[in-house]
Amino acid sequence: MKLISLPIKFKLMALMGALVICSIVFYLFMALDLFRKDKSAYIYENGINNVVSLSEQVRLVLGHNFQDLQVMLNDFGSKSEESIIPKIMKSQNNIIEIIVLNSKGEIQLEVLSDVVLERNELKSDHFEKLRLTEGFNLALLKTKVNTISHIPSSVGGVDHFLLGLYDKPSGLSIFGRVHSLEIINIFGRSKIYENFLMGSSGDVLAHKNSEKKDQAYSLVEEKYIQKIIQENQVLGMQELKNQQGDELLVAFNYLENYEMYVISQIFKEKAFLSAKFLINKSLYAAVFILSIVMFFVILFARSFSKPIEILSNATLRLAEGDFSTQVNLNRSDELGVLSKSFNFMSNKILAYMDEVKEKVELEKELEVAQLVQNSFFPPNNISFRGISLSTYYKPASSCGGDWWSYIPFNNKLIVLIGDATGHGVPSALITANVNAIRNNLKEMANTSPQLLSSAATILSLMNKSVCHAGTDILMTFFVAILDTDDMTITYSNAGHNPPIKLRKTDSKPKKSDLVPLLDGNNLRLGVKATTVYSDVKITYEVG
């Protein structure tokens, strides 16, 4: 009897095992290939984003520097008594020196930061000597409007940028030396990428530290740097090799306005190091995750669904108009933040409804105040013993500080015009005050007619009333007493716009027929209670 050399159960196990192994191998091959491609895309995208972010930071710093130069140039051109240039130099401690030149290249202004000289142990004439050796390319600046160049510490004593700005209308030029530390710091924040700022000719302008910066100066000889410059690409990322044969991922962005390149590079092996580690561990992680995922889904499903249900019910109550609805979830995750946001929103709605009620009440009060103030004004058209008055009044807001009135008394017509400073209720209250004085004068004139014989006397009474009102509001005022018997006008002015008298003429009126009444002008009402006003008398003609 022949013995069974290989039982069928082992064959089935072998077959099932082979199927499982083939399935796992196929799955891993597809998944890992997809993961590698996705990781590559992420690395490229992250490199591009990094170089774009660095470029924006450089643009921002240089933009602010050029903006400061423009402000200082405008200030110098305006020849103001109090220059703001020292304030800007003090507030922007990265500005080393400011030079303003005229169209002939002659120095008009030179401001130097003593702090920089002391910090770097430089002599006071250091930058003056530097200008003799380096100079300013004024011709290039006039063609480009703004220029920027880099002065290393080995040449300038302190590493800085020389910024130039030309103002064509005035012909003035301004050059500013700006410390490069702020830009260098931009390129020293990344622990993953090696970032540096490079000129269009290949010289490195800024790097994350001085040691690396000295090394970066030799990058101009690297073929991959020359390749980037020659291709004239604005933004991109390429896989390149350095002179040692190391593969690099190099992202670059060309700043056209400043003729600079922002370079961000990383060794390819280092960039994919985490991906390689994750690929090696992915099989174990997948098995582990699949074994626990269902357990945690069942365990935590209820803990996530219950708060969502509570929020949903609260939202329905809020939609029905119950704005006092509150959700109390003692959680520190997004659902807890969402519940707090919901409570904040409902409280804001309640507060807004209260504000609306207060606003409606305030508008009603303003309407009443407007009605009261409108009652202070006489009719728009008035006739008195051959004199006709036509008026028009429209406040800038619900209530205003403009006011006018008149007092008819025997053969005289007293016209009063005032304008309180500001708008709104405070100014309207002052007009109510002078309106009360007007009414008192009308009554008091029955026993003391002399009160209405002098415009200066009326202004003095009005001035004392405004001064004693206890506010900071002032009022311009004009009083005119028209005597219909002797055809005269007695007037006095307290800082109001001078009225204009039109001479009688048989022909079409000309500009010379308009005579402004400039005499008798004095301080506005409310400035000083002891102000003395004077009367001015003129004649007028019928017609």
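Remember, predicted model here, so these are calculated numbers, not experimental data.

Peer 1: Help me understand helix α13 (residues 425–444), please; the structure alone is not making it clear to me.
Peer 2: Residues spaced three or four apart along an α-helix face the same direction, because each turn holds 3.6 residues. For α13, built from 20 residues, the straight-helix expectation of 28 Å at 1.5 Å per residue is met to within 8% by its first-to-last C-alpha distance of 29 Å. Every buried residue of α13 is accounted for by Ser427, Ala428, Ile430, Thr431, Val434, Asn435, Ile437, Arg438 and Leu441.

Peer 1: I'm lost on the pairing of strand β10 (residues 260–267) in this one. Help?
Peer 2: Two faces, one strand: in a regular strand the side chains alternate between the faces of the sheet. A large share of β10 lies buried, amounting to seven of its eight residues. Bridge count for strand β6 (residues 194–199) against β10 is six bridges, and the pairing is antiparallel. Paired with Glu194 across the strands is Gln265, a residue of β10. Adjacent in sequence and paired antiparallel, strand β9 (residues 247–255) and β10 are bridged by four residues, among which Glu259 carries a positive phi angle near 55 degrees.

Peer 1: What's the story with the packing of aromatic side chains in this structure? I'm lost.
Peer 2: Any pair of aromatic rings gets described here by the distance separating the centres and the angle formed by the planes. Across all of its chains, the model carries six aromatic pairs by this definition. Judged by centre distance (4.3 Å) and plane angle (10 degrees), the ring pair of Phe136 and Phe175 falls under stacked. Taken as a pair, Phe136 in the loop between α4 (126–133) and α5 (138–144) and Phe175 in strand β5 (residues 172–179) lie far apart in primary sequence, 39 residues in all. Its relative accessible area of 22% is what places Phe136 among the partly exposed residues.

Peer 1: Explain the packing of α13 against helix α14 (residues 455–467) here, please?
Peer 2: Remark: α13 packs on α14, axes separated minimally by 10 Å, with the N-to-C direction vectors making an angle of 140 degrees. With respect to α14, the axis of α13 lies oblique. As α13 packs across α14, the resulting crossing turns out to be right-handed. Contacts from Ile430, Asn433, Val434, Ile437, Arg438 and Leu441 in α13 reach Ile458, Leu461, Met462, Ser465 and Val466 in α14. Here the residues of the contact of α13 with α14 are counted per class, giving eight nonpolar, two polar and one charged.

Peer 1: I tried to follow the pairing of β6 on my own but got confused; where do I start?
Peer 2: In terms of burial, β6 is a largely internal element, five of the six residues being buried. By the bridge criterion, three bridges tie β6 to strand β7 (residues 204–207) in an arrangement that is antiparallel. Bridging across to β7, Met198 finds its partner in Val204. In sequence, β6 turns back onto β7 through a hairpin of four residues, with Gly202 there showing a positive phi of about 105 degrees.

Peer 1: I would appreciate a short explanation of unusual backbone geometry in the present structure.
Peer 2: Both trends apply: most residues other than glycine have a negative phi, and most peptide bonds are in trans. Look at Glu259: it is not a glycine, yet its phi comes out positive at around 55 degrees. Note that Glu259 resides in the loop between β9 and β10.

Peer 1: Please explain the confidence of the model for the protein as it appears in this structure.
Peer 2: Low pLDDT means the predicted atomic positions in that stretch should not be read closely. Summing up the model confidence of the protein, the mean pLDDT is 78 and the portion of residues at 70 or higher is 82%. Confidence over residues 6–10 falls short of pLDDT 50; this stretch has one contact with residues more than four positions distant or in other chains. Under a pLDDT of 50 for its full length, residues 210–218 has, in the predicted model, twelve contacts with residues more than four places off or in other chains.

Peer 1: Mind showing me how you'd approach the side chain of Thr490 here?
Peer 2: Tracing the backbone through its elements, the reader meets Thr490 in strand β16 (residues 488–494). Non-local contacts of Thr490, meaning those with residues more than four positions away in its chain, are made with Ala455, Val479, Ala480, Ile481, Asp535, Val536 and Lys537.

Peer 1: Honestly, the sheet that holds β16 in this entry has me stumped. Any pointers?
Peer 2: Within a sheet, neighbouring strands are paired by backbone hydrogen bonds and run either parallel or antiparallel to one another. Reading across from one edge, β13-β14-β15-β16-β19 is the order of the five strands in this open sheet, with antiparallel pairing throughout. Of all the strands in the sheet, just β13 (402–409) and β19 (536–539) have a single pairing partner and so form its edges. Each strand axis lies, on average, 15 degrees off the axis of its neighbour in the sheet, ignoring direction. In this sheet, strand β14 (residues 412–420) lies alongside β13 in antiparallel orientation, the contact comprising eight bridges. Residue Trp403 lies in a different strand from β14, and its bridge partner there is Gly418. Here α13 sits on the sheet in contact with β13, β14 and β15 (475–483), set at roughly 5 degrees to β13.

Peer 1: Is there a simple way to think about α4 in this case?
Peer 2: Those residues of α4 lying buried are His126, Phe127, Leu130 and Arg131. Viewed end-on, α4 has its buried residues packed into an arc of 135 degrees, placing them on one side of the element. Where α4 is buried, its residues touch β1 (95–101), β2 (107–112), α3 (114–119), α6 (153–156), β4 (160–167) and β5. Gly135 sits one or two positions beyond α4 and adopts a positive phi of about 75 degrees.

Peer 1: Explain the sheet that holds β10 here, please?
Peer 2: Sheet architecture is open: five strands sit in the order β7-β6-β10-β9-β8, paired in antiparallel fashion. The open sheet has two edge strands, β7 and β8 (235–241), and neither has a second partner. In this sheet, adjacent strand axes meet at a mean angle of 25 degrees when their direction is disregarded. Contacts between helix α9 (residues 223–231) and the sheet are confined to β6, β8, β9 and β10, with β8 contributing the most and set at about 150 degrees to the helix.

Each value, and the rule that gives it
- Residues numbered from 1 in each chain as written.
- Predicted model: local features only at pLDDT ≥ 70, side-chain atom pairs only at ≥ 80, totals over all residues.
- Heavy atoms only, no water.
- Helix = DSSP H or I, 4+ residues; strand = E, 2+ residues; numbered from the N terminus.
- Expected span 1.5 Å × (residues − 1).
- Buried < 20%, exposed > 50% of the residue type's maximum accessible area, 1.4 Å probe, protein only.
- Pairing = 2+ DSSP bridges.
- Phe/Tyr/Trp six-rings, centres within 6.5 Å; stacked < 30°, edge-to-face > 60°.
- Axes fitted to C-alpha atoms, helices over the stretch in contact; angles between N-to-C directions.
- Parallel < 35°, antiparallel > 145°, perpendicular 65-115°, else oblique.
- Left-handed = near helix turned anticlockwise from the far one by under 90°.
- Contact = heavy atoms within 4.5 Å.
- Nonpolar A, V, L, I, M, F, W, Y, C, P; charged D, E, K, R; others polar.
- pLDDT = per-residue confidence, 0-100.
- Arc of directions from axis to C-beta.

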